[in-house]
Amino acid sequence: MSAAPTPPAKNRWSWRSQAFRALVYQVLAVGVIALIVWFLAHNTATNMRQRGIQSGFGFLLGTAGFDIGESLYAFDSGESYLQAYLVGVTNTLRVAILGMVLTTLLGTLLGIGRFSRNALVRGLCRMYVEIFRNIPLLLQLLMWYLFFTEVLPAATEAWTLGPLFLSKGGLNFPIPVWASGHAWAAWGLLAGVCGSWLWRGRARRRFEETGQPQSMFWAPLVWVFLGTFVGWLVGGAPTEINAPIRGEFSIENGGALTPEFLALLVGLTTYTAAFVAEVVRGGIQSVSLGQVEAASALGLSQGQSMRLVMLPQALRVIIPPMTNQYLNLTKNSSLAVAIGYPDVVSIANTAINQTGRAVECIALIMLVYLSTSLLTSLFMNWYNARAAIKER
Amino acid sequence: MSTFNAIAPRPAPQSNSGPVAWCRANLFHDWKTSAGTLLIGLILVWLLPRFFQWAITNAVWYGNYDTCHAASGACWAVVREKFRFILFGRYPHAEHWRALLCTAMLLGLILASCTRAFWRPWLVALWVGVLVLYLALMRGGFAGLRFVETDLWSGLPLTILLASLSMVMAFPIAVCIALGRRSGMPAIRSLCTVYVELIRGVPLISVLFMASFMFPLLMPQGFNIDVLIRVLAGITLFAAAYMAEVIRGGLQAIPKGQIEAAATLGLSYWQTQRMIVLPQALAMVVPGIMNNFISTFKDTSLVAIVSLYELTGAMGMAMNAEADWRPFRIEGYLFIALIYFVFCYSMSLYSQWIEAQVNKSKQR
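Residues numbered from 1 in each chain as written. Chains lettered and ligands numbered in written order. Predicted model: local features only at pLDDT ≥ 70, side-chain atom pairs only at ≥ 80, totals over all residues.

Some words on the sheet that holds strand β1 (residues 159-161) of chain A
Whether parallel or antiparallel, the strands of a sheet pair through hydrogen bonds between backbone atoms. Residues and elements named next belong to chain A. The antiparallel open sheet is built from four strands, whose spatial order is β1-β2-β3-β8. The open sheet has two edge strands with one neighbour each: β1 and β8 (255-257). Taking each pair of neighbouring strands and ignoring which way they run, the sheet shows an average axis angle of 20°. Two elements, strand β2 (residues 164-167) and strand β3 (residues 170-173), share three bridges in a ladder whose sense is antiparallel. In the strand pairing of β3, serine 167 is matched with glycine 170. (Pairing = 2+ DSSP bridges. Helix = DSSP H or I, 4+ residues; strand = E, 2+ residues; numbered from the N terminus. Axes fitted to C-alpha atoms, helices over the stretch in contact; angles between N-to-C directions.)

Overview of the domain arrangement of chain B
Residue and element names in this part refer to chain B. You can read the domains of chain B as domain 1 (25-70), domain 2 (84-98 + 147-359) and domain 3 (99-146). Its C-alpha centre places domain 2 at a distance of 18 Å from the equivalent point of domain 3. The interface of domain 2 with domain 3 comprises 16 residues on the first partner and 16 residues on the second. Mapped by element, the contributors of at least two residues to the side of domain 2 that touches domain 3 are α5 (96-113) and α7 (156-181). (Domains from an automatic or database assignment. Contact = placed C-beta atoms within 7 Å.)

Some words on the confidence of the model for chain B
Across chain B, the average pLDDT comes to 87, with 99% of residues at or above 70. Interface confidence for the predicted complex, expressed as ipTM, amounts to 0.88; the pTM equals 0.87. (pLDDT = per-residue confidence, 0-100.)

Let's talk about the nonpolar core
The nonpolar side chains of a soluble globular protein tend to be buried, and buried together. In terms of nonpolar packing, the biggest core is built from 149 residues, with A:Leu141, A:Leu264, B:Leu208 and B:Met243 touching the most fellow members. The biggest single contributor to this core is helix α7 (residues 259-286) of chain A, with 15 residues. Two domains share this core, each providing at least three of its residues, namely domain 2 (84-98 + 147-359) and domain 3 (99-146) of chain B. The residues contacting B:Leu208, other than those within four sequence positions of it, are B:Val231, B:Gly234, B:Leu302, B:Val303, B:Ile305 and B:Val306. (Core = buried A, V, L, I, M, F, W, Y, C linked by C-beta atoms within 7 Å. Buried ≥ 20, exposed ≤ 12 C-beta atoms within 10 Å, placed from the backbone.)

Section: the interface of chain B and chain A
Listed per partner, the contact involves 40 residues of chain B and 43 residues of chain A. For the side of chain B that touches chain A, the elements supplying multiple residues, two or more each, are α2 (31-57), α8 (186-201), α9 (204-218) and α15 (329-359) of chain B. Per element, the largest residue contribution to the side of chain B that touches chain A is 10 residues, and it comes from α15(B). Taken together, the residues of the side of chain B that touches chain A sort by class into 27 nonpolar, 11 polar and two charged. (Nonpolar A, V, L, I, M, F, W, Y, C, P; charged D, E, K, R; others polar.)

Here we look at the packing of helix α4 (residues 137-151) of chain A against α7(A)
Residue and element names in this part refer to chain A. Closest axis-to-axis distance for the α4/α7 pair is 8 Å, and the angle between their directions is 140°. Classified by the angle their axes make, α4 and α7 are oblique. Crossing geometry of α4 relative to α7 is assigned as right-handed. Together, Leu137, Gln140, Leu141, Trp144, Tyr145, Phe148 and Thr149 of α4 and Pro259, Leu262, Ala263, Leu264, Val266, Gly267 and Tyr271 of α7 make up the contact between the two elements. (Parallel < 35°, antiparallel > 145°, perpendicular 65-115°, else oblique. Left-handed = near helix turned anticlockwise from the far one by under 90°.)

In structure tokens:
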């Protein structure tokens, strides 16, 4: 029996070694990228020096010198660029968060509508989706802006619906006058949420011990409302409301939303809802019919079968693309610059024009959006992990 | 002893075909459906005639702004008056035939590329040829044609140029990035991942701002690139990141056995990708790529913000030029919305058709 021929010794530094080749390729790739980055950075530094542009984020502390059309809190032109940026960020977040909530509601309704028994409902939902997602968002925003600023009547002839006034001046609505009782109500709400959380934990334990189904939705909701109501009562039950009234030239008092905000919110919501509707439709379609039939064979009501059988399975398919739609909505809110809503991009645009600090301002825009995107996807990943199939 | 008792004959089953049966099943199935039908029907009966009055019967089709101001309906005369400005923007009026010819040529090529007969190797050469011809004819400056600067290129030709060129250029970049993200080399994988996540995390508008404000700073002194090319590069890099994710999805769906089989046959990495992996992966993600195409087409409208006048920008310029026509901007907006809709909707129909074609091999 002859010994098996020994393979030739491997040379780790040979071109024939895959590991060595991989190392060379990676060193080359990183080197080329580093070279490009150095080249761009060098050019930028040279250009800035020659044009006398200063660099650094020091300008953020300088006086902004421009007014901002709307903000959640008071801002005047004497404050710093940093403050202006913060106003822009809060404006972006305000429209994005409201938009996410509204678009989820509208999109879900439209998505479910595609399964309606009524052919008119089905057809209208389909028409909505096809029209709204095949026209660029920018164009839709411009059209909504035109609607809110030119088609609507002047403030003196505002459309009225109960205490609401809709006119060229925006939407006016009643708001409660701030009183310490509202703070008490907020604390009560917090207590109610904690209470309902404890209730749900107890109800789940009881269900696992006894097998008796417990109220998992209505009872916690009662807890939340009860907490808020008790807090409000303890705070002295403030009922004063600041309602808008029709003045000589404009609508006075009450809370107000500007036409720019309304146009952006309505535009973003209606556009994104078309995509969300398709996501929801896909999710529902992915649950096989046998599941529904099995649920009704077990004697679950239609609502129970929807809540316990359909939704948990559909959500698994829905959540990842839904995250994408939320991120798209947030990024698309940057189109505000086209209709003059002071979001972070349009404030950065003003800052670029005033200070010429293009590099820093664009870096700030990107930072804001990157961190919002990251936070949203972290939250949605956490939620997705909860909704995912529990496998061993 | 039992006798045979015939049971009473049952009525014939209701017909379940034909318009009456369809209405019964889809509009008046039970009282809830019927109530819905009646409610929606009433709203439509109230709304549609008013819409038709505004859009058609009371509309002004011919005339000037005085007749428009007098009429209660839509003013389509504004589109008739301005359509050349809306479609071709600032391109010199006498040279519009060139823009029209170029657009027709490019559209024809795109249509041809959608049909099976043209899926041949020479299609790439045809694309290069047509694009060179397009750029030459739009630019002019030879054979007695007037030289037209790229600043003046605008309207529909610009929209179609931006959309098609950026998609064509984004495709190879996207394939490389998608392969890079699945590569075994950690440095290359992380470079590609960072690129994709960075681009997908920021809005297109910030990329366009970068192309228009920051690019001159990034280049050496005295080195100037046309704004059209800068914006085109911005859109391309942006679209490539999204397309790479779509393609990566296709790559992930290829069973590992395919790659192992290729390795057993002695194929190299690039041979495996070119002959085994990519043909299967790309066929799977054609609908996703079409969706990318549609969103890139819509995204080109954003270049209006960095002062390139494509369809949306040209339309805004046309409408704001004369104060008399300004009240009728809504008609202009509807007109270009229709153009966008026709393009995007036909692309999505095509994507459905091609999805059916791709799935043919899987049906038995």
